[in-house]
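The residues making up each chain are set out below.
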Amino acid sequence: MTITLHPSTLPAVLSPVLTPFKADGSPDAQKLLKQCKWLDANGVGQAIFGTNSEANSMSAPQKMSTLTALIEGGLNPEHMMPGTGATSIDATVNMTRHAVAHKCAGVLMLPPFYYKDVTDDGLFAYYSEVIQKVGSDGLQIYIYNIPPVTKINLSLSLLERLAKEYPKTVVGMKDSSGDWAYTESVIKLLAPSGFRVYAGSEVFLMRTLRAGGVGCISATANVNPKALAELAAHWRESNADERQAEMDKLRAIFAQYQMIAGMKTAVAHYSKDPDWLRVRPPLMQLTAEQQAKLLGELQNANFSMPGL
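Residues numbered from 1 in each chain as written. Predicted model: local features only at pLDDT ≥ 70, side-chain atom pairs only at ≥ 80, totals over all residues. Heavy atoms only, no water.

Colleague: Just to check I follow, could you spell out the packing of helix α1 (residues 29-41) against helix α2 (residues 60-72) for this structure?
Modeller: When two helices pack together, their arrangement is given by the angle between the helix axes and the distance between those axes. As a packed pair, α1 and α2 sit with axes 9 Å apart at the nearest point and diverge in direction by 55°. Here α1 lies oblique to α2, going by the angle between them. With respect to the hand of their crossing, α1 and α2 are arranged in right-handed fashion. Taking contact as the criterion, the partners of Ala29, Leu32 and Leu33 in α1 are, on α2, Thr66, Ala69 and Leu70. The residue makeup of the contact of α1 with α2, split by class, is 5 nonpolar, 1 polar and no charged. (Axes fitted to C-alpha atoms, helices over the stretch in contact; angles between N-to-C directions. Helix = DSSP H or I, 4+ residues; strand = E, 2+ residues; numbered from the N terminus. Parallel < 35°, antiparallel > 145°, perpendicular 65-115°, else oblique. Left-handed = near helix turned anticlockwise from the far one by under 90°. Contact = heavy atoms within 4.5 Å. Nonpolar A, V, L, I, M, F, W, Y, C, P; charged D, E, K, R; others polar.)

Colleague: Explain the pairing of strand β5 (residues 170-175) to me, please; I cannot follow it from the model alone.
Modeller: Taken residue by residue, a regular strand's side chains alternate between the two faces of the sheet. With 6 of 6 residues buried, β5 lies mostly within the body of the structure. Running through helix α7 (residues 180-190), the crossover from β5 to the neighbouring parallel element strand β6 (residues 196-199) is right-handed. (Buried < 20%, exposed > 50% of the residue type's maximum accessible area, 1.4 Å probe, protein only. Right-handed = clockwise from strand over helix to strand, strands pointing away.)

Colleague: Quick question: what am I supposed to make of the sheet that holds strand β4 (residues 141-145) here?
Modeller: Paired through backbone hydrogen bonds, the strands of a sheet run either parallel or antiparallel to each other. Overall, parallel pairing links the 7 strands, which are arranged β2-β1-β7-β6-β5-β4-β3 in an open sheet. The open sheet is flanked by β2 (45-46) and β3 (107-109), the only strands paired with a single partner. Across 2 bridges, strand β1 (residues 13-15) lies against strand β7 (residues 215-217) in parallel orientation. Following the sheet pairing, Val13 is matched in β7 by Cys216. (Pairing = 2+ DSSP bridges.)

Colleague: So what exactly am I meant to see when it comes to the nonpolar core here?
Modeller: In globular proteins that are soluble, nonpolar side chains generally tend to be buried together. One finds Ile143, Phe254 and Leu298 to be the most contacted residues of the largest nonpolar core, which totals 87 residues. Aside from chain neighbours lying at most four places away, what touches Phe254 is Thr220, Val223, Met259, Gly262, Met263, Ala266, Leu294 and Leu298. Core analysis: the next-biggest nonpolar cluster, separate from the first, contains 13 residues, Met81, Tyr142, Tyr198 and Ile217 among them. (Core = buried A, V, L, I, M, F, W, Y, C linked by side-chain atoms within 4.5 Å.)

Colleague: Help me out: how do you make sense of the pattern of salt bridges in this one?
Modeller: Working definition: two side chains of opposite charge can pair if their charged atoms are close together. Evaluation of the coordinates by the stated rule reveals 11 salt bridges. The residue Glu54 makes a salt bridge to Lys264 at a minimum N-O spacing of 2.7 Å. Taken together, the residues span a long stretch of sequence, with Glu54 in the loop between β2 and α2 and Lys264 in helix α11 (residues 259-271) at a distance of 210 residues. By relative accessible area, which is 4% here, Glu54 ends up buried. (Salt bridge = Lys/Arg side-chain N within 4 Å of Asp/Glu carboxyl O.)

Colleague: Explanation requested: the packing of aromatic side chains in the structure shown.
Modeller: Ring pairs (aromatic) are described by centroid distance and by the angle formed between their planes. Scanning all chains against the criterion turns up 7 aromatic pairs. When the ring of Tyr114 is compared with that of Tyr115, the centres are 5.0 Å apart and the planes differ by 85°; the resulting orientation is edge-to-face. Given the relative accessible area of 60%, Tyr115 is considered exposed. Aromatic pair Tyr270 and Phe303: ring centres 5.4 Å apart, planes at 80°, arrangement edge-to-face. Separated by 33 residues along the polypeptide, Tyr270 in helix α11 and Phe303 in the segment after α12 (288-300) bring together distant segments of the chain. (Phe/Tyr/Trp six-rings, centres within 6.5 Å; stacked < 30°, edge-to-face > 60°.)

Colleague: Can you help me understand the packing of helix α4 (residues 120-134) against helix α6 (residues 156-165) in this one?
Modeller: Between α4 and α6, the shortest axis-to-axis distance is 10 Å and the interhelical angle comes to 30°. Handedness of the α4/α6 crossing: right-handed. Listed contacts from α6 to Asp120, Asp121, Leu123, Phe124 and Tyr127 of α4 are Ser157, Leu158, Arg161, Leu162 and Glu165.

Colleague: Is there a simple way to explain the pairing of β4 in this structure?
Modeller: Across the 5 residues that make up β4, a large majority, 5, are buried. Of the two faces of β4, the one carrying Ile141, Ile143 and Asn145 and the one carrying Tyr142 and Tyr144 are both buried. Handedness of the crossover is the feature at issue here: the chain leaves β3, passes through α4, returns alongside β4, and the resulting connection is right-handed. With 5 bridges joining them, β4 and β5 adopt parallel strand pairing. When the sheet's bridge partners are listed, Tyr144 is paired in β5 with Lys174.

Right, here's the structure in full:
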């Protein structure tokens with residue numbers, strides 16, 4: 001099966017963009033707009049409302065109004081893949097329609113994650129109903145596989161079924177399983193038909209590109225965008241593995257902490273804006289001691305965020 005898809009306008013690297021919050025807990029769209037423009041200037045697309053965006057700590061209306069503000073503020077929707085998956089079909093349809101109406105290049109769609117031990121037929125029915133209710137030829141869905149969080153495994157047979165039934169709509173996936181054998185098997189099975197596979201961590205960026213995937217949607221793209229974008233652009237060069245190792249070292253620093261709070265600590269420090277420290281419960285900010293330790297490790301690694 002070979003399907004001719006519209007060429008993707010999405011970059012090889014996208015960031016599940018951290019969401020800044022106001023004191024009342026609502027998303028700060030203007031601060032987010034500035035952050036997204038910085039990422040875009042560094043060659044990284046914006047997968048807003050992803051896991052690292054604390055998306056499931058926000059309501060559907062909050063996310064939709066924020067997306068509108070970003071695009072009205074001049075952000076390029078052709079570089080955007082907002083997360084629109086929810087446990088409710090109604091919420092998923094509303095957020096997805098909104099993203100399509102704003103001409104976003106794609107949407108990142110979680111499976112309905114509340115009920116566990118669900119069947120492939122049930123998951124297929126969910127995605128199928130969303131697609132039919134959105135009812136748009138402009139819809140481009142990237143399935144979001146993140147079993148460490150959802151506790152739902154998306155089987156190869158389910159992905160193949162969706163891609164065959166909706167070949168111009170279910171066009172790719174983000175795989176955050178952390179299981180390279182699984183990622184590679186999806187690429188081997190579906191990439192020849194045009195299915196676009198993004199790894200869920202930059203640790204797998206080189207392996208994904210070499211196997212025939214398209215890139216990564218990764219947490220640390222929030223703080224290290226230019227280096228990741230340049231690695232993806234020059235992955236065939238002789239020093240690519242060394243550059244990959246440098247990316248891995250930086251991720252290992254952040255991985256010692258709760259990643260979202262840790263990255264927000266870095267953004268707050270390098271932007272000199274302490275409001276960026278805010279996270280939504282049940283997440284908590286890093287302690288003062290943790291913040292000091294993290295920032296010290298970043299300084300020792302000669303890390304910076306120029307232009308932030």
